[in-house]
Amino acid sequence: MAVGVAMADRLRGKDTITVTFFGDGGANEGAVHEAMNLAGSKRIPIVFIAENNGIAISMRVSESTAAPDLACRAAGYGMPGQVVDGQDPIAVHEATTRAVARARAGHGPSLIELRIARWESHVEGFPELRSAEEVASARSHDGVARLRKLLLDGDVLSEADVAMIEAGCRNEVDDAVIEGLRDGLDLAEPAPYSAADAQRLTFAP
Ligand SMILES: Cc1ncc(C[n+]2csc(CCOP(=O)(O)OP(=O)(O)O)c2C)c(N)n1
């Protein structure tokens, strides 16, 4: 779909760069390979972002693929591929800026594999298949906390600025929950998420 959108934008003469995200499980779908091949051959201005958290529902990447990483697949489609620490906001910014510049210059797509950690099971209510140690280790890697520290240490933001941004984010999550409960869910049924659940799942402790 993303490659189709990018091709349509090009036909309409729009100066857009499409960015598409998929997991390590999604990366193994046949359609993803076809899309990347098409994008490479037509030099489509698109950035493929594979969010590799090491596990697709319950299947480990080590079980689903023999290659050492997902980024190396890019070579087969004639585009650059790079593994990036997805919890390092500066590294993510640098890699995506490069990929967007490449697309803008007419050189076509890029594949960026972000190594990230999964904090919860695949979906709420699905049994957690990893050990408590593995989950604790995943939760200790938090890109948001890392960026907060970087900005505070560099005197880019004050504690008051951070508190204001975080309050704004919490309000946004609360508003989204309220809207979801109002528009989409049968209130006779027990709500699957409370605002507190949403906060817990969204923010670092
Ligand atoms: C086209 C398609 N095939 C299969 C599925 C069933 N499915 C839902 S999630 C999933 C695995 C997703 O794994 P990943 O992309 O790594 O996401 P994560 O488990 O990290 O959330 C699959 C196969 C689907 N939703 N769509």
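Everything below is about the structure shown above.
Description of the structure in this document. Everything numeric in this text was worked out from a predicted model, so none of it was measured.

On the secondary structure map, histidine 122 appears in the loop between strand S6 (110-115) and helix H5 (132-139). A relative accessible area of 40% places histidine 122 in the partly exposed class. C-alpha separation for the pair histidine 122 and isoleucine 44, spaced 78 residues apart in sequence, amounts to 32 Å.

This next bit is on the nonpolar core. Counting 17 residues, the largest nonpolar core has Phe22, Met36, Ala39, Ile46, Phe48, Met79 and Leu111 as its most contacted members. Of all elements in the fold, only helix H1 (2-11), helix H2 (30-41) and strand S2 (46-52) reach the threshold of two or more residues within this core. Excluding anything up to four places from it in sequence, methionine 36 contacts Phe48, Tyr77, Met79 and Leu111. Counting residues in hydrophobic clusters, the runner-up holds 10 residues, among them Val47, Ile49, Ala103 and Leu114.

Attention shifts here to the site of the ligand. Around the ligand, the neighbouring residues are Gly23, Asp24, Gly25, Gly26, Glu29, Asn53, Ile55, Ala56, Ile57, Arg118 and His122. Note that a nitrogen atom of the ligand is positioned 3.0 Å from one of the side-chain N or O atoms of glutamate 29. A distance of 2.7 Å separates an oxygen atom of the ligand from a polar atom in the side chain of asparagine 53. For the ligand, whose unbound accessible area comes to 600 Å², protein coverage reaches 49%. The class makeup of the residues in the shell around the ligand is three nonpolar, five polar and three charged.

Calculation notes
- Residues numbered from 1 in each chain as written.
- Predicted model: local features only at pLDDT ≥ 70, side-chain atom pairs only at ≥ 80, totals over all residues.
- Heavy atoms only, no water.
- Helix = DSSP H or I, 4+ residues; strand = E, 2+ residues; numbered from the N terminus.
- Buried < 20%, exposed > 50% of the residue type's maximum accessible area, 1.4 Å probe, protein only.
- Core = buried A, V, L, I, M, F, W, Y, C linked by side-chain atoms within 4.5 Å.
- Contact = heavy atoms within 4.5 Å.
- Near = heavy atom within 4 Å.
- Polar contact = N/O pair within 3.5 Å; in protein donor to acceptor, adjacent residues only side chain to side chain.
- Areas by Shrake-Rupley, 256 points an atom, 1.4 Å probe, with all protein chains shown as cover.
- Nonpolar A, V, L, I, M, F, W, Y, C, P; charged D, E, K, R; others polar.

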